[in-house]
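Now for the letters of each chain:
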Amino acid sequence: MEPKACVIGAGPNGLSAAIVLAQAGIKVEVFESQAIAGGGVRTMELTLPGFCHDFGSAVYPLGVGSPFFSSLPLRNHGLEWIHSPAPVAHPLDDGTAVVLERSLPIAKTALGDDGTAWSDLMEPFVERWSEFVPEVLRPPIRFPKHPLLMGRFGLHALLSAKAICNRFTSGRTRALFAGMAAHSFLNLDDPLSGAFGLIMAISAHAVGWPIARGGAQSLTDALCKHLASLGGVVKTSNRVESIEQITGTELTLCDVSPGQLLQIAGSRLSDHYRRKLADFRRGPGVFKVDFALSAPVPWKARECARAATVHLGGTLQEIAASESAMRNGEHAEKPFVFFVQPSVFDPSRAPAGKHTGWAYCHVPNGSTLNMLDRIENQIERFAPGFRDCVMARRTFSPADLELMDANLVGGDISGGDMGLSQFLFRPTSRGYATSDSHIYICSSSTPPGGGVHGMCGYHAAKLALKRVA
């Protein structure tokens, strides 16, 4: 009989797991509770008709750089990457901006006295990206295939972002790197915060920080179409409350949070494993805002118009204070804001002459504080008159985000805290496996963690196939 499997959750990891299983000749069904597949990779009219907003993620350095996605014919299914002239801009209060150029040699020149130090950090990994990225997007406790390359990275990986910033002489370069490292959701003096900053910067030079033409949904749709070409089926508006609903399958892969796994499959799991799942630490949350705009953002620093992503937080010290407040359960008065302006480079996102904006800041998990004014104050700080451009806005508290995607527990977009111990063993020391040999977890709560790259699903499915072979 033809082997069968099911995947619970049609986010990028669930779809990736399903594709791996289908490639192996297994008949796969994917069950998604929402009406549209994608999880955090969806595009919807969230403000006004004709304004297309990315509900979750918007910019995809690890999407375009993903070893698994790159192996699939997603372009044949409509996926097209759009690169802004520069990956990211970081405005400062003097009316200028630090711009990270995609070309490493050009960036070396643009960063002046810090150019050599920046290049020396990034170049070994940019030049060997195709060898480097599979290593960083797999479980960290495996012996590397390229030990010298990863040994060199390891010398920096455990450093804090502040320690790496000490290599630079200019406050401008330090601010730029701090913005990269803030993607970690860690204190900037925590171990591993520097590693996240390095990966973000390396990817900017190696593959860029593109957006998907038409919105994030284009990536999800391409994955769904490829899965369909392999015989897989995605069933939306199909919530799985209990694994007992699923019959006749040899494998079940779950693109869900550890808490959801307990609810869905707890009856099939050992007491010890259930306790380990219950101990899993959630990561901080985010407060997100989508804007419908009557005009492009009026940046004081014109260089910001060259980048799809703009980091709003000022100096290293300000960004560190913002992230420290969040880690301490507080709300920064001047939060570090991640801002994306996709319609500047993809006019299909908004009616002619109009634009969309996408912004979020970090908050404690489950926060109920409305951060709208603080976010807009940060945007106004670097783009006076921004509020005059706002035609409509839609806010998402952590609870709102979780309501639209159950994996975003308390607004946590990283799949769990990224502190050192939980980074090494996600969600338990078993990794993708559970105490039941037929059930696996493949969400961003497994290695390598958050980000849109599909590698959690890829590795989980590969392990499942190996164990049932």
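Our subject is the structure that appears above.
Notes on the structure follow. (Residues numbered from 1 in each chain as written. Predicted model: local features only at pLDDT ≥ 70, side-chain atom pairs only at ≥ 80, totals over all residues. Heavy atoms only, no water.)

### Describing the sheet that holds strand E12 (residues 307-312)
For sheets, the rule is that strands pair by backbone hydrogen bonds, running either parallel or antiparallel. Strand order in the open sheet formed by seven strands is E7-E6-E12-E13-E14-E11-E15, and the pairing between neighbours is mixed. Each edge of the open sheet carries a strand with a single partner, namely strand E7 (97-100) and strand E15 (390-396). Ignoring which end each strand starts from, the neighbouring axes of this sheet average 20° apart. Strand direction decides the pairing type here: strand E13 (residues 337-340) and strand E14 (residues 355-363), joined by four bridges, are antiparallel. Looking at E14, one finds that phenylalanine 339 is bridged to alanine 359. Lying on the sheet, helix H15 (residues 372-382) is in contact with strand E6 (86-91), strand E11 (285-293), E12, E13, E14 and E15; it crosses E11 at an angle near 60°. (Pairing = 2+ DSSP bridges. Helix = DSSP H or I, 4+ residues; strand = E, 2+ residues; numbered from the N terminus. Axes fitted to C-alpha atoms, helices over the stretch in contact; angles between N-to-C directions. Contact = heavy atoms within 4.5 Å.)

### Comments concerning the pairing of E14
Two faces make up the sheet, and in a regular strand the side chains alternate between them. In terms of residue burial, E14 counts as a mostly covered element, since nine of its nine residues are buried. Taking every second residue as pointing to the same face, both faces of E14 are buried, with His355, Gly357, Ala359, Cys361 and Val363 on one and Thr356, Trp358, Tyr360 and His362 on the other. In this sheet, E14 lies alongside E11 in antiparallel orientation, the contact comprising nine bridges. The partner of phenylalanine 287 across the bridge, within E14, is cysteine 361. (Buried < 20%, exposed > 50% of the residue type's maximum accessible area, 1.4 Å probe, protein only.)

### Some points on the environment of proline 3
Within the secondary structure, proline 3 sits in the segment before strand E1 (4-8). Excluding residues that lie within four positions of it along the chain, proline 3 makes contacts with Gly25, Ile26, Lys27 and Glu250.

### Regarding unusual backbone geometry
Note that the residue after arginine 426, namely proline 427, is joined by a cis bond; omega there is -15°. Summarising the element assignment, proline 427 is placed in the loop between helix H18 (420-424) and strand E16 (439-441). The residue after proline 447, namely proline 448, is reached through a cis peptide bond having omega 0°. Its place among the elements puts proline 448 in the loop between E16 and helix H19 (455-468). Although it is not a glycine, serine 237 adopts a positive phi angle of roughly 55°. When you line up the elements, serine 237 lands in the loop between strand E9 (233-235) and strand E10 (251-254).

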